[in-house]
Structures are given as structure tokens and as C-alpha cells.
Amino acid sequence: MREIVTLQCPECKNRNYSTTKNKKTTTGRLEFSKFCKFCRKHTAHKETK
């Protein structure tokens, strides 16, 4: 039931991370504070399609 999703940096628009989520329990979009190696700082990476 878990699905692979990609996380994108909102500033530089690079897709840096991938993770899994349970579609039944988490219906909204994920958002994690991750380090972007292109921006060289921590940003709130959001789930993309």
C-alpha cells in the first residue's frame, strides 16, 4: 500500500529526495525540512507528483 514519492526544493526546484508514504493514512502532501545541496541550506521540501 506504500507508494514512492519525490520531494522537491521550493527554491531551486530540484528533486533531491525520495521517500515512501501510506496512501490510506496520509492523504495530504508530505513536507519535510531537508538539506538542499544545490541551495546549500535547509529548506521545506514538498511532495511532487
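That block above? That's the structure.
So, here is what we can say about the structure in this document. (Residues numbered from 1 in each chain as written. Predicted model: local features only at pLDDT ≥ 70, side-chain atom pairs only at ≥ 80, totals over all residues. Heavy atoms only, no water.)

**Points about unusual backbone geometry**
Negative phi is the rule for most residues except glycine; trans is the rule for most peptide bonds. One non-glycine residue, Lys13, lies in the positive phi region at around 65°. Within the fold, Lys13 resides in the loop between β1 (2-8) and β2 (15-22). Lys13 gets classed as exposed once you look at its relative accessible area, which sits at 53%. The phi angle at Arg40 is positive, at roughly 65°, despite the residue not being glycine. Checked against the element boundaries, Arg40 lands in the loop between β3 (31-36) and β4 (41-48). Residue classification places Arg40 among the exposed positions, given a relative accessible area of 68%. (Helix = DSSP H or I, 4+ residues; strand = E, 2+ residues; numbered from the N terminus. Buried < 20%, exposed > 50% of the residue type's maximum accessible area, 1.4 Å probe, protein only.)

**Focus on the pattern of salt bridges**
Inspection of the entire model under this criterion finds 3 salt bridges. We note a salt bridge from Lys41 to Glu11, for which the minimum N-O separation is 3.1 Å. Of this pair, Lys41 sits in strand β4 while Glu11 sits in the loop between β1 and β2, and the two are 30 residues apart along the sequence. Lys41 gets classed as partly exposed once you look at its relative accessible area, which sits at 40%. Note that Glu47 is salt-bridged to Lys21, the shortest N-O span being 3.1 Å. Residue Glu47 is located in strand β4, and its partner Lys21 is located in strand β2; the two are separated by 26 residues in the primary sequence. Here the two residues Glu47 and Lys21 agree in accessibility, since each one is buried. (Salt bridge = Lys/Arg side-chain N within 4 Å of Asp/Glu carboxyl O.)

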